[in-house]
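Letter by letter, the chains look like this.
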Amino acid sequence: GESVGLHLPTLSVQEGDNSIINCAYSNSASDYFIWYKQESGKGPQFIIDIRSNMDKRQGQRVTVLLNKTVKHLSLQIAATQPGDSAVYFCAEIFSGGYNKLIFGAGTRLAVHP
Amino acid sequence: DGGITQSPKYLFRKEGQNVTLSCEQNLNHDAMYWYRQDPGQGLRLIYYSQIVNDFQKGDIAEGYSVSREKKESFPLTVTSAQKNPTAFYLCASSTQTDNQPQHFGDGTRLSIL
């Protein structure tokens, strides 16, 4: 079936450490993935995306890794800051017909000083 | 600034009442979407529209209705048939091009009186 899930519901890290948030997807035909950040009371904010023809993509302090063999996606945040505290969602897009997003339940990242 | 505006931020519904949530975008996007988010869960698709005067049911359309008379606007009505309407409602938009991210508004929180 179609599903996107996350391994860890809550991740606690120390300020300055690197964070890794993991995600599993089930549809091997999906060809586009997005990471969103959602702060309390706000809508999801786009962080970074990756297409299935790539293994890795880097942004500012963030890196997304895609392992199509095991259908696994991860988001790495370097030098985690208190402002990174939020819920992070991975989403899978089925591009046939329309850009339908399939979301997992999310991982809460808590950054401690 | 280009973006998506949802209003109101908080909304209360009485028993048997229909309420309408507003979503306006000035991103010139063709496609618009409505999602429902329950506590600790991911987003679920209610309705989507790929073009003016056309819309399609998502995964949980029962008890909801939409219209798309203008490109910029995609209002959602929560009808009295929706027996469990308390949730956070998110509107999004995107271009029609395949594999493009959806951009979200900051949501409307609907509660029952």
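Counting of residues starts from 1 at the beginning of each chain's written sequence and follows it residue by residue. Here every chain gets a letter starting at A, and every ligand a number starting at 1, in the order they are written. Since the coordinates come from a predicted model, pLDDT governs what is reported: local features require at least 70, and pairs of side-chain atoms require 80 or more to be given and counted, while whole-chain, interface and lining totals use all residues. Side-chain figures throughout are based on the complete set of non-hydrogen atoms in the structure, without hydrogens or water.

Peer 1: I'd like a rundown of unusual backbone geometry, residues and numbers included.
Peer 2: Of the consecutive residues B:Ser7 and B:Pro8, the connecting peptide bond is found in the cis state with omega at -5°. Along the chain, the position of B:Pro8 falls in the loop between strand S1 (4–7) and strand S2 (10–13). The phi angle at A:Ala79 is positive, at roughly 50°, despite the residue not being glycine. By definition, any uninterrupted DSSP run of H or I lasting at least four residues is a helix, any uninterrupted run of E lasting at least two residues is a strand, and each is numbered from the N terminus. Position of A:Ala79 among the secondary structure elements: in the loop between strand S8 (72–77) and strand S9 (86–94). Residue class for A:Ala79 comes out partly exposed when judged on its relative accessible area of 36%. Buried means the residue's accessible area, taken with a 1.4 Å probe over protein chains only, is under 20% of the maximum for its type, while exposed means over 50%, and partly exposed covers the values in between.

Peer 1: Provide a residue-level description of the pattern of salt bridges, including the pertinent values.
Peer 2: The term salt bridge refers to a side-chain nitrogen of Lys or Arg lying within 4 Å of a carboxyl oxygen of Asp or Glu. If you walk through the whole model with that rule in mind, you get six salt bridges over all chains. We note a salt bridge from A:Arg57 to A:Asp49, for which the minimum N-O separation is 2.2 Å. Put simply, B:Arg36, B:Asp38 and B:Arg44 are held in one network by salt bridges that share partners.

Peer 1: I'd love a proper account of the sheet that holds strand S3 (residues 19–25) of chain B, names of residues and values included.
Peer 2: All names here are of chain B. Here, strands pair whenever DSSP counts at least two bridges between them. The four strands lie next to each other as S1-S3-S8-S7, forming an open sheet whose pairing is antiparallel. Among the strands making up the open sheet, the edge pair consists of S1 and strand S7 (64–66). Neighbour to neighbour, the strand axes of the sheet diverge by 20° on average, direction disregarded. The pairing of S7 with strand S8 (residues 76–78) spans three bridges and is classified as antiparallel. When the bridges of S8 are listed, valine 66 appears paired with leucine 76. Lines fitted to C-alpha atoms define the axes, with helix axes restricted to the stretch in contact, and inter-axis angles between N-to-C directions lie between 0 and 180 degrees.

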